Amino acid sequence: MDSLQQVFWEEPIFADNVKITHVMASKLPGYPLKQGRHDVLYQAADEDGNKARCVFTVHVLNENQMPSGVRR
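First, a word on what this report is: a plain description of the structure on this page. (Residues numbered from 1 in each chain as written. Predicted model: local features only at pLDDT ≥ 70, side-chain atom pairs only at ≥ 80, totals over all residues. Heavy atoms only, no water.)

Below, the discussion takes up the packing of aromatic side chains. Counted according to the given criterion, the structure contains two aromatic pairs. Plain terms: the ring middles of W9 and F56 are 5.8 Å apart, the flat faces sit at 75° to each other, and that makes the pair edge-to-face. Pair noted here: W9 is in the loop between β1 (5-6) and β2 (20-25) and F56 is in strand β5 (residues 51-60), with a separation of 47 residues, a long-range link. Take F56: its relative accessible area is 23%, and that puts it in the partly exposed class. Ring geometry for Y42 against F56: centres 6.2 Å apart, planes inclined by 20°, an arrangement best described as stacked. Residue Y42 is found in strand β4 (residues 36-46), and its partner F56 is found in strand β5; the two are separated by 14 residues along the sequence. Taken together, the ring pairs in this structure connect W9, Y42 and F56 into an aromatic cluster. (Phe/Tyr/Trp six-rings, centres within 6.5 Å; stacked < 30°, edge-to-face > 60°. Helix = DSSP H or I, 4+ residues; strand = E, 2+ residues; numbered from the N terminus. Buried < 20%, exposed > 50% of the residue type's maximum accessible area, 1.4 Å probe, protein only.)

Strand order across the open sheet formed by three strands is β2-β4-β5, with antiparallel pairing between neighbours. The strands lining the two open edges of the sheet, one partner per strand, are β2 and β5. Here the average twist between neighbouring strands, direction ignored, is 15°. (Pairing = 2+ DSSP bridges. Axes fitted to C-alpha atoms, helices over the stretch in contact; angles between N-to-C directions.)

Bringing the environment of F14 into the picture now. Examined against the element boundaries, F14 turns out to sit in the loop between β1 and β2. When the C-alpha positions of F14 and R53 are compared, they lie 9.1 Å apart, and in sequence the two are 39 residues distant. Sequence-distant contacts of F14, defined by excluding residues within four places in its chain, comprise I20, V23, Y42, Q43, A44, A52, R53 and C54. (Contact = heavy atoms within 4.5 Å.)

Printed below as a string of structure tokens:
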């Protein structure tokens, strides 16, 4: 059975010349994830309705799969 691991990352920062009114995240740092591939989506909107996205992938490995140099 896969155990859950708390995973942390730096959240993206959205900036605009118009006020940012909303930021949505599909997962937040510290969210427990099981082993495997997880896509994380952040989306921001400004007062004018413009939107920007940041998408990245988190890979949760078991200890036998840890490449050298990877932090836990």
